[in-house]
Amino acid sequence: MSIVQNKKAFHDYFIEEKYETGMVLEGWEVKAIRDGRVQLKEAYVVIRKGELYLIGCHISPLKTASTHINPDPIRTRKLLLHAEQIRRLIGKVERAGYTLIPLDMHYKTGRIKLEIGLAKGKQQHDKRESEKQKEWERDKQRLMRAK
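Owing to the predicted nature of the structure, the values given are computational and were not obtained by experimental measurement.

Caption draft 1: Molecular detail of unusual backbone geometry. Of note, Lys 49 is a non-glycine position whose phi angle comes to about 50 degrees, a positive value. With respect to the helices and strands, the residue Lys 49 is situated in the loop between strand S4 (44-48) and strand S5 (51-55). The residue Thr 109 is not glycine, and still its phi comes out positive at about 50 degrees. Assignment of secondary structure puts Thr 109 in the loop between strand S8 (99-108) and strand S9 (111-121).

Given below as structure tokens:
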């Protein structure tokens, strides 16, 4: 079940591969995510010292969060992935000019997972072409229904 999707990512990037990662979260973050107070729009993933980190993901704390902690809504969060997959990603990001972006946050067996994509940036003419293709698919569906 999807919690939040990054629709802007599909507009700005060509998604080559997708990976499902776990996240290291604090208790107040889990509660806020379950309440739907998360935004992936400007988030991205970086690789530091052989580990993946999610940067720019905004999780708004609940008003009823604990009084003895000071929640940071845009803190850097560690992502969990197998070492072999991380090594493969490092090679593609550093050599081939790809970038890692979060695509979808969802539940899987009661845990919160993040789907990241290995992506290559679109240029303006690619974005226009994608938009034309989407409009044509929509028009085609309308024509098929009208018959």
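Caption draft 2: Spotlight on the environment of Ile 47. Among the structural elements, Ile 47 can be located in strand S4. We classify Ile 47 as partly exposed; its relative accessible area is 27%. Distance in space between the C-alpha atoms of Ile 47 and Glu 94 is 9.8 Å, their sequence separation being 47 residues. When residues no more than four places from it in sequence are discounted, the contact partners of Ile 47 are Leu 52, Leu 89, Ile 90, Val 93 and Leu 100.

Definitions and limits used
- Residues numbered from 1 in each chain as written.
- Predicted model: local features only at pLDDT ≥ 70, side-chain atom pairs only at ≥ 80, totals over all residues.
- Heavy atoms only, no water.
- Helix = DSSP H or I, 4+ residues; strand = E, 2+ residues; numbered from the N terminus.
- Buried < 20%, exposed > 50% of the residue type's maximum accessible area, 1.4 Å probe, protein only.
- Contact = heavy atoms within 4.5 Å.

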